[in-house]
Amino acid sequence: MSPSPITTPSGSTPSDPEELRRDIEETRGELAATINAVAYKADVKARAQDKAQELTARAAEKAQAAKARAQETTQQLRERAPQMAEAAKGRAGEKAQELLGQARGRVQEKPGTVAAAVGALLVVVALVIRRGRR
């Protein structure tokens, strides 16, 4: 049995030895790339490590972005805190004035009830003081 003639990818037989060498080198390169790809696919551990590194890098990027956003938000809140406190203080003062006005109105409506409540409070205080001395 005679060996089959060498053919190029196009199906023709190269006549020039230099062309034949180029074809052989090209084929070797393609074969090496194919073997490397198959070996990588078969190496599950290496692929898992590559994926773990990729995910770790992605998680680190997201953590860094979250940290930057948190710092930015903190800075904004620090800048706004005095104004927010002043506004809250103003609202609290307004609410206190409103409640004081309501209390004055009730006292004026029923002064006898208020006097009785104050009297009862004084009796309780006197009893507590008296017990404390015994």
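Above this text you will find the structure in question.
Residues numbered from 1 in each chain as written. Predicted model: local features only at pLDDT ≥ 70, side-chain atom pairs only at ≥ 80, totals over all residues. Heavy atoms only, no water.

Q: So what about the overall build of the protein? Which residues, and what values?
A: If you tally the helices and strands in the protein, you get three helices and zero strands. Reading the helices (α) and strands (β) of the protein from amino to carboxyl end gives α-α-α. Counting over 134 residues, the protein shows a buried share of 3%. (Helix = DSSP H or I, 4+ residues; strand = E, 2+ residues; numbered from the N terminus. Buried < 20%, exposed > 50% of the residue type's maximum accessible area, 1.4 Å probe, protein only.)

Q: Lay out a nonpolar patch on the surface in plain terms, naming residues and giving numbers.
A: Together, Val107, Val114, Val118 and Leu122 make up a nonpolar patch on the protein surface, roughly 310 Å² of accessible area in all. The element that contributes the greatest number of residues to the nonpolar patch is helix α3 (residues 111-133), accounting for three residues. (Patch = residues over 30% accessible without salt bridge, like charges linked within 9 Å, V, L, I, M, F, W, Y side chains within 5 Å. Areas by Shrake-Rupley, 256 points an atom, 1.4 Å probe, with all protein chains shown as cover. Salt bridge = Lys/Arg side-chain N within 4 Å of Asp/Glu carboxyl O.)

Q: Tell me about the pattern of salt bridges, residues and numbers included.
A: In total, this model carries five salt bridges according to the counting rule given. Across the salt bridge formed by Glu54 and Lys51, the nearest N and O atoms sit 3.8 Å from each other. Separated by three residues within a single helix, Glu54 and Lys51 lie in helix α2 (residues 44-109), roughly one turn from each other. You can call Glu54 partly exposed: its relative accessible area is 39%. A salt bridge links Glu54 to Arg58; its shortest N-O distance comes to 2.8 Å. Of the two residues, Glu54 and Arg58 both sit in helix α2, four residues apart, roughly one turn of that helix. For Arg58, a relative accessible area of 38% translates into the label partly exposed.

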